[in-house]
Amino acid sequence: MKNCLGIINLSEEEMQIQELTKVRPIAGLPFAGRYRVIDFMLSNMVNGGIHNIGIFTQNKFRSLIDHIGSGKAWDLDRKISGVKVFNPAFNYNKIVQTHGDIEHFYQSLDYIKYASEDYVFLSRSYMICNMDLKKIFKDHLESNNDISIVYKNVKNEEKFYGLDTLNIGMNKLLISIGKNTGKKEKIDLSMEMYIMRKDILVKIIEESVESGHSNYLKQALFQELVNYKVGTCRYEGYLACINSNKNFYDANMDMLDMDIYRQLFNNERPVFTKVKDEPSTIYRENSDVKNSLVANGCDIEGEVKNSIIFRDVHIDEGTKVTNSIIMQRTKIEKNCSLNNVILDKYVVITKENILAGDKKIPYIVGKNLTI
Amino acid sequence: MKNCLGIINLSEEEMQIQELTKVRPIAGLPFAGRYRVIDFMLSNMVNGGIHNIGIFTQNKFRSLIDHIGSGKAWDLDRKISGVKVFNPAFNYNKIVQTHGDIEHFYQSLDYIKYASEDYVFLSRSYMICNMDLKKIFKDHLESNNDISIVYKNVKNEEKFYGLDTLNIGMNKLLISIGKNTGKKEKIDLSMEMYIMRKDILVKIIEESVESGHSNYLKQALFQELVNYKVGTCRYEGYLACINSNKNFYDANMDMLDMDIYRQLFNNERPVFTKVKDEPSTIYRENSDVKNSLVANGCDIEGEVKNSIIFRDVHIDEGTKVTNSIIMQRTKIEKNCSLNNVILDKYVVITKENILAGDKKIPYIVGKNLTI
Amino acid sequence: MIKKEMVALILAGGQGSRLKGLTKNLAKPAVPFGGKYRIIDFPLSNCSNSGIDTVGILTQYQPLALNAHIGIGKPWDLDRTRGGVKILPPYMSEEGGRWFKGTSNAIFENIHFVDTYDPDYVLILSGDHIYKMDYMKMLKYHKEKKSEVTLGVIEVPWEDTYRFGILNTTDDLKIYEFDEKPKNAKNNLASMGIYIFNWKKLKEYLIKDQENPDTNYDFGKDILPKMLNDGNDMYAYEFDGYWRDVGTLESLWEGNMEMLSKDAPLNIHDRTWKIYSRNANLPPQIITNNANVKSSMINEGCYIDGEVNKSVIFPNVKVGKNAKIIQSVIMPNVVVEDNAVIYKSIIGTNSIIKDGSVVGDKELKEITLISNEDNGLFE
Amino acid sequence: MIKKEMVALILAGGQGSRLKGLTKNLAKPAVPFGGKYRIIDFPLSNCSNSGIDTVGILTQYQPLALNAHIGIGKPWDLDRTRGGVKILPPYMSEEGGRWFKGTSNAIFENIHFVDTYDPDYVLILSGDHIYKMDYMKMLKYHKEKKSEVTLGVIEVPWEDTYRFGILNTTDDLKIYEFDEKPKNAKNNLASMGIYIFNWKKLKEYLIKDQENPDTNYDFGKDILPKMLNDGNDMYAYEFDGYWRDVGTLESLWEGNMEMLSKDAPLNIHDRTWKIYSRNANLPPQIITNNANVKSSMINEGCYIDGEVNKSVIFPNVKVGKNAKIIQSVIMPNVVVEDNAVIYKSIIGTNSIIKDGSVVGDKELKEITLISNEDNGLFE
């Protein structure tokens, strides 16, 4: 897929995940002990042979820029191509603010146009999966379709409500895109990943800006699909959609299922992320850890069950953590009890605190708080 | 100066240099064949031992971010500290836009506060010089003043009109800051570089935001100077102020004076910039080059006199270029004649063109144009 | 080239034969230590944290893993435009091949490298000790004492003096005698193998030593005694932190175990003096429902389905169901299959401990080493 | 470690004694060429541009400058997380020191390195040729021909065949005979020293060759003839671009001069196939009012106050007033003082040509070399 440009569009709805996305976009959410959500799509692209990737951000891009850096962690600090983050340009003189992301893509159209690649793989970042993009690209080329959309056939569950579904006809061709109202038992869920020749994408963006009929790239794509031969590519494998607190919590907990864990983390297509200088995690004499994912740099003196522990977490003596997600550099002092809790980064839970949420509505403590 | 944080504030007036700053801030203007204006201040800081540098941009920051990259060229791609570019945060929900840069500094105050350094060296980037900051810092420490401002004693010339001048009293203490109206024959020109303890800068910014009396950091500083013991440090050496087309042109031409050239470029305090993969410049059989500065990657078949030629410029047979600044990747076809001209990057001058400006108002051709 | 006040040289060429199979395909400084590091990470991180930005590493024996580990020094922030870390292998010249004949010869062969930076001082370190030390404080002391050579020393228990090179000093720590592994020590200050020399003086002695037909080309045996005899001012610099030679299987095992106690003398979590290493990209460790982990260190990529007690587990180790690891050091990529039991052992990188096998001394007395051809090769 | 389809190995251990003083302290592949490059930049850039991301460089002779030049391969975009460029020096093992005894022995000693990437093919290159070539096209040919070994060949004038290793081939370019420096050549296809091998096959022959008591440990003398005799399918791959061996002073001088003509056969300005090198940070070149530069290449950091004609001037060279440089190659950091005259010479790095001196053959017949001890040392 050296001949394919990768675009990750971070213009995402954050309505159902506000507490954790106050300080970062969904793409920047910590996941599975040491990753951020965007690492999965970036790694998919890199493992698929895409070496030129543009990330189109909206607001709150600073932490993301820190995370991506020069792209070294993904081997994307290349002379030609590599990774580039596009923040929406901020024009002091232009107070009128258009909504939507299409304007942002239009501003950076030269980047897309003049990239040496002929194809483009367009995606969001909130869908977590480990996908063999080489195979998807091959399928697309063999199909001779103008555009291919990636989907997964899933048993319908609440977590997929409101997402796009594909109606697929003969020869895997797309008939239409709809919304999942939850009525069907099985659906073909759109993974919002599109492959096409680059000139098609450029044309869609230009026409959309000219006509003004769409503010969002996704709208524009949907509007223009009728003019192209659109096929579908099927993905098999684990998929999580990080678009609500509950989905975020559940997807993290999914990592404790070894079958799912191995679908996401394997040697063939590793997930890359920024590495940190942390020593090994130390388990003290009275610690008791079971069925948990633990990152480096932790100091565990208490009890941890069915939980995801990020880097450099300190869990003091007598403390019990169950069914919880404890993010980086958090400290839980003595004799606390936490159940169904999400602690954001740099949180301190002072001693003898009892925090308990419900699996459906986990209790969330925002970044930097001490309680 | 390991104990000193560097801040480069790019909030600069571009009124008199509009054509060339359409696409970039003054800090990003190409200079002396292969540099950009900001390289000089960055190199001064690095050579002075400052390893933690924040660059506060206004708009048009993208080309600058490309230029700085990870900071490798200045050895600033460090694990701790290094170089960080602060773009003004762009809040979609906050349509009300405050003018000035103080808000921007206030947004990033944590960066300044929590840096491990105790001192701060604050500067603009439009003053080009090669300064021994170690000496300046030593002078400041020995003076026991709260704040020191760097100045140069200059013969008054038109190019310095409108800039800040210092009125200096006993013991090199500052009496007041004024504007240069051009009446005096010699002036103490403020180089707009300030050294102080970091907590003083933080206090000035906080108080200014609280009281709302200043929109610009410079205003705030001036307002607060009365509350501190302010001294002055004298700089001797070449100084150019890039704040108008004419000054930009003249400063480039100054580089052809070997005395000035050697003041800016020496082995002791080298000027660093992003390196490019360019082959050697080739001078063809009928070329005739005199008194010029030529960068790598050029192909010269014609005549070049008293000019600054940037990287990868092609000057065809029969063409004469005199007293001109020819920026990167420009092509001048056969039998042209250029005198007192500035060509921005990627310009093509088609054959037999005659372009001539005046030394006071050089003729400028903007980026990417073909004429 | 710009002048540097002090250049550091790390002697990393030794075979480390007392580490037996571990160093068959691996230089001693590249031996894994402390759950994720290699021994050389300690002096390198010390240099970086001390603000020394020019380091030469003299390699000779099995340097491939070491070279790959060090690269251009990025993990230690030593990838500098001027200075940084440089690997100095032996090489062939017009006069033929030149192996380093000993420690002093190794530095002699690299005089030119040091001279490029025109330093006033040279810091000589060995690549096989575990400690955290600010070399700049030692340099300050060296300057204050107006010393020609300053040796880092540490107080050792009197009963252990016979194992060390002891320095006999006057009250102001001026050295008047070297006492190598003395039976009846007069002092209990042991040399740590850390030296600061005035470069000009050292260079002079290095050149002289090459011409001496009886030389052993050794710092300790030739250069230092000669300098002392000639009446140069030499001082001891006392260091009072944790310092350990990990050149034998016993000391390597002990050094690892010492990291597990609650009041570990080497605080690896200290953020003001981090020990850097090349970080692998591996997923977090998994502790299953069957696992039972106590008093142990575990690193990323591990899958623990059995019992781990008082042990140091390096990255990417698999511990199967009902497997037991007691008081052991398990190096990277080891697979401990189901039902295997390991007592007081060091298991070399890439080893496989088969289902049901029992390794090591059940009485927890002797240390057992399991090593293999692939010890050197991991990322 | 991930599998790579093809790994490249560059033989960079040769002394290059025909370059005389230039290689006294410098490996031949590190010799400056073309106004800013070192010879090895060409094969390295070719690898990078061909999309080969795993390259081993076998060094032995005076590797310091070469090591510093290559670093972790950043300039060639070869600083890869998986693969990238690795320097492979000889080293000491348990059995003692192992210098590479010849080209085939050098690769034999690094079989393990190649095996880490489990490649199907190995590309063997030498570090002393100037050319631009897409090795991936050659690999495609190799696969199409179902070849065991493919040799890059170039047509040479019939009258020069006696200077080359000539390959005699059938009509479909299958090789049936090697003809080393033939007096009466049957063919004019010369070997370029570029080989693609099926790795399994090569490995087998390397191991066999080590056991042969009569071996010269040489690719050309031992491995290739043996493989041909055994009936392996070997093909020639014709290359029709510019290719030049710069292993002698004459050819080095000529190679430089060839870059100056208007229709230079090696287009160094081609942006689709850039030659990368480590870029110095130097200010632009200054051409003064007194200067007179014609038909020459000049690089950054130069100060030209005299006459330069048909010459290649490397970075940071000073040419004084009334100095004259005719048909010469001036390597980095040279100072040509006022009134000095240089005819048809190669001036080694860091040389000083004194005021008023005359160097070289005024008749422009013989090539003169000025070299010095510091040839190897520049950034």
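Residues numbered from 1 in each chain as written. Chains lettered and ligands numbered in written order. Predicted model: local features only at pLDDT ≥ 70, side-chain atom pairs only at ≥ 80, totals over all residues. Heavy atoms only, no water.

> Go over the overall build of chain A with me, naming the residues and quoting the values.
When helices and strands are counted, chain A shows 10 helices and 28 strands. Its C-alpha radius of gyration of 21 Å places chain A within 12% of the 21 Å reference for a compact globule of 371 residues. The principal-axis extents of the C-alpha atoms in chain A amount to approximately 65 × 50 × 40 Å. With 371 residues in all, chain A has 60% of them scored as buried. Long-range pairs, those at least 24 residues apart, make up 59% of the contacts in chain A between residues at least 6 apart in sequence. A total of about 14,900 Å² of accessible surface is found on chain A, and carbon and sulfur atoms cover 47% of it. Separation of charge centres in chain A, based on 49 positive and 48 negative side chains, amounts to 1 Å. (Helix = DSSP H or I, 4+ residues; strand = E, 2+ residues; numbered from the N terminus. Rg over C-alpha atoms; globule rule 2.2 N^0.38 Å. Buried < 20%, exposed > 50% of the residue type's maximum accessible area, 1.4 Å probe, protein only. Contact = heavy atoms within 4.5 Å. Areas by Shrake-Rupley, 256 points an atom, 1.4 Å probe, with all protein chains shown as cover. Lys, Arg positive; Asp, Glu negative; His and termini not counted. Charge placed at Lys NZ, Arg CZ, Asp CG, Glu CD.)

> Give me the lowdown on empty space enclosed by the protein, citing residues and values where you can.
Residues and elements named next belong to chain B. Here the structure, examined in full by the defined rule, presents 4 cavities of 30 Å³ or more. Within this model, the largest cavity holds a volume of roughly 130 Å³. Forming the boundary of the largest cavity are 14 residues, of which Arg34, Arg36, Lys276, Arg311 and Gln328 lie nearest the centre. Considering only residue class, the lining of the largest cavity consists of 4 nonpolar, 4 polar and 6 charged. Approximately 100 Å³ is the volume attributed to the second largest cavity. (1 Å grid on protein atoms, 1.4 Å probe; cavity = no way out; pocket = protein on both sides within 12 Å on 5 of 7 lines; lining within 4 Å. Points joined across faces, edges and corners; volume = space filled by probe spheres on them. Nonpolar A, V, L, I, M, F, W, Y, C, P; charged D, E, K, R; others polar.)

> For the interface of chain A and chain C, give the residues involved together with the corresponding values.
Contacts between chain A and chain C engage 38 residues on the former and 36 residues on the latter. Both faces combined, the contact of chain A with chain C buries some 3,100 Å², and carbon together with sulfur accounts for 44% of it. There are 4 salt bridges connecting chain A and chain C. With a shortest N-O distance of 2.7 Å, Lys262(C) and Glu301(A) are connected by a salt bridge. Taken together, the links from chain A to chain C amount to 25 residue pairs in polar contact (both at pLDDT 80 or more). Elements with a contribution of two residues or more to the side of chain A that touches chain C: helix H10 (258-264), strand S14 (281-283), strand S15 (288-290) and strand S16 (292-294) of chain A. Looking at side-chain class alone, the side of chain A that touches chain C contains 16 nonpolar, 9 polar and 13 charged residues. The pairing of S14(A) with strand S18 (residues 296-298) of chain C spans 3 bridges and is antiparallel. Note that in S18(C) the partner of Thr281(A) across the bridge is Ile298(C). (Buried area = accessible area lost by both parts, 1.4 Å probe. Salt bridge = Lys/Arg side-chain N within 4 Å of Asp/Glu carboxyl O. Polar contact = N/O pair within 3.5 Å; in protein donor to acceptor, adjacent residues only side chain to side chain. Pairing = 2+ DSSP bridges.)

> How would you sum up unusual backbone geometry? Please name residues and give values.
Its identity as a non-glycine residue notwithstanding, Lys172(B) has a phi of 60°, on the positive side. Relative to the assigned elements, Lys172(B) resides in the loop between strand S9 (164-168) and strand S10 (174-179). Within the chain, Tyr217(D) stands out as a residue other than glycine whose phi angle is a positive 55°. Relative to the assigned elements, Tyr217(D) resides in the loop between helix H6 (199-211) and helix H7 (219-229). With a relative accessible area of 19%, Tyr217(D) lands in the buried category.

> How would you explain the interface of chain C and chain B if you had to name every residue and give the values?
If you look at the interface, chain C gives 10 residues, while chain B gives 11 residues. Carbon and sulfur atoms make up 33% of the surface buried where chain C meets chain B, a total of about 890 Å² over both sides. A per-residue breakdown of the area chain C buries against chain B is headed by Asp77(C), Thr81(C) and Arg82(C), which together make up 45% of the total. Applying the counting rule to chain C against chain B returns 4 salt bridges. Across the pair Asp79(C) and Lys72(B) runs a salt bridge, and its minimum N-O distance is 3.4 Å. Counting across the interface, chain C meets chain B through 4 residue pairs in polar contact (both at pLDDT 80 or more). By residue class, the composition of the side of chain C that touches chain B is 3 nonpolar, 2 polar and 5 charged.

> Help me get a handle on the domain arrangement of chain A, residues and values and all.
As a measure of interface size, the accessible area lost when the parts come together is often cited. Residue and element names in this part refer to chain A. Assigned domains of chain A: these are domain 1 (4-264) and domain 2 (282-365). Computed from C-alpha atoms alone, the centre-to-centre distance between domain 1 and domain 2 is 32 Å. On the domain 2 side, the residues contacting the 19 residues of domain 1 number 22 residues. Among the residues domain 1 hides against domain 2, the three largest losses belong to Gly33, Tyr249 and Leu256. Together they make up 35% of the total. Viewed at the interface, domain 2 and domain 1 are joined by 1 salt bridge. Among the ionic pairs, Arg24 bridges to Asp344, the shortest N-O distance being 2.7 Å. For the pair domain 1 and domain 2, the interface holds 4 residue pairs in polar contact (both at pLDDT 80 or more). If one sorts the elements of the side of domain 1 that touches domain 2 by residue count, helix H9 (residues 245-254) sits on top with 6 residues. Across the side of domain 1 that touches domain 2, the residue classes break down as 11 nonpolar, 3 polar and 5 charged. (Domains from an automatic or database assignment.)

> Break down the sheet that holds strand S17 (residues 299-300) of chain B for me, citing the residues and quoting the values.
Taken in spatial order, the 10 strands make up an open sheet running S26(B)-S23(B)-S20(B)-S17(B)-S14(B)-S18(D)-S21(D)-S24(D)-S27(D)-S30(D), and their pairing is mixed. Two strands lie at the open edges of the sheet, namely strand S26 (348-349) of chain B together with strand S30 (368-370) of chain D, each paired on one side alone. Judged from the 2 bridges that link them, strand S14 (residues 281-283) of chain B and S17(B) form a sheet pairing that is parallel. Bridge pairing in S17(B) places Tyr283(B) opposite Ile300(B). Across the face of the sheet, helix H8 (residues 249-258) of chain D comes into contact with strand S21 (312-313), strand S24 (329-330), strand S27 (345-347) and S30 of chain D while running at roughly 90° to S27(D). (Axes fitted to C-alpha atoms, helices over the stretch in contact; angles between N-to-C directions.)

> Describe the sheet that holds strand S27 (residues 354-356) of chain B, with residues and values.
All names here are of chain B. Taken together, 5 strands build an open sheet; the order of strands is S15-S18-S21-S24-S27 and the sheet is parallel. Each edge of the sheet is formed by a strand with only one pairing partner; in this case those strands are strand S15 (288-290) and S27. The sheet shows a mean angle of 5° between the axes of neighbouring strands, taken without regard to direction. Across 3 bridges, the pairing between strand S21 (residues 320-322) and strand S24 (residues 337-339) is parallel. Bridge pairing links Val321 to Leu338 in S24.

> Run through the pairing of strand S6 (residues 119-123) of chain B, naming residues and quoting values.
Successive side chains on a regular strand alternate, one facing one side of the sheet and the next facing the other. All names here are of chain B. For S6, the tally of buried residues reaches 5 of 5 residues, placing the bulk of the element in the interior. Neither face of S6 is left uncovered, since the one carrying Tyr119, Phe121 and Ser123 and the one carrying Val120 and Leu122 both have all their residues buried. The pairing of strand S1 (residues 4-9) with S6 spans 5 bridges and is classified as parallel. Bridge assignment links Ile7 to a residue of S6, and that residue is Leu122. Where S6 and strand S11 (residues 186-197) come together, 4 bridges link them in antiparallel fashion. The residue bridging Val120 from the neighbouring strand is Met196, located in S11.

> Account for the packing of aromatic side chains, with residues named and values stated.
All names here are of chain C. Here the structure, examined in full by the defined rule, presents 39 aromatic pairs over all chains. Between Phe113 and Tyr117, the aromatic rings sit 5.5 Å apart at their centres with planes inclined by 75°, giving edge-to-face as the arrangement. Accessibility assignment for this pair places Phe113 and Tyr117 in one class, buried. Lys208 extends its terminal NZ or CZ atom over the ring of Tyr205, reaching a point 4.2 Å from the ring centre. For Lys344, the ring lying beneath its charged end belongs to Trp253, and the centroid distance is 4.5 Å. (Phe/Tyr/Trp six-rings, centres within 6.5 Å; stacked < 30°, edge-to-face > 60°. Lys NZ or Arg CZ within 6 Å of the ring centre and 35° of its normal.)

> Let's hear about the nonpolar core: which residues, and what values?
Core analysis: the largest hydrophobic core is formed by 102 residues, its most contacted members being Leu44(C), Val55(C) and Ile124(C). Here this core takes 7 residues from strand S13 (residues 189-198) of chain C, the largest share from any one element. Those residues in contact with Leu44(C) that lie beyond four places of it in its chain are Ile10(C), Val55(C), Ile57(C), Ile70(C), Trp76(C), Leu78(C) and Val85(C). Counting residues in hydrophobic clusters, the runner-up holds 101 residues, among them Leu88(D), Ile194(D), Met259(D) and Ile268(D). (Core = buried A, V, L, I, M, F, W, Y, C linked by side-chain atoms within 4.5 Å.)

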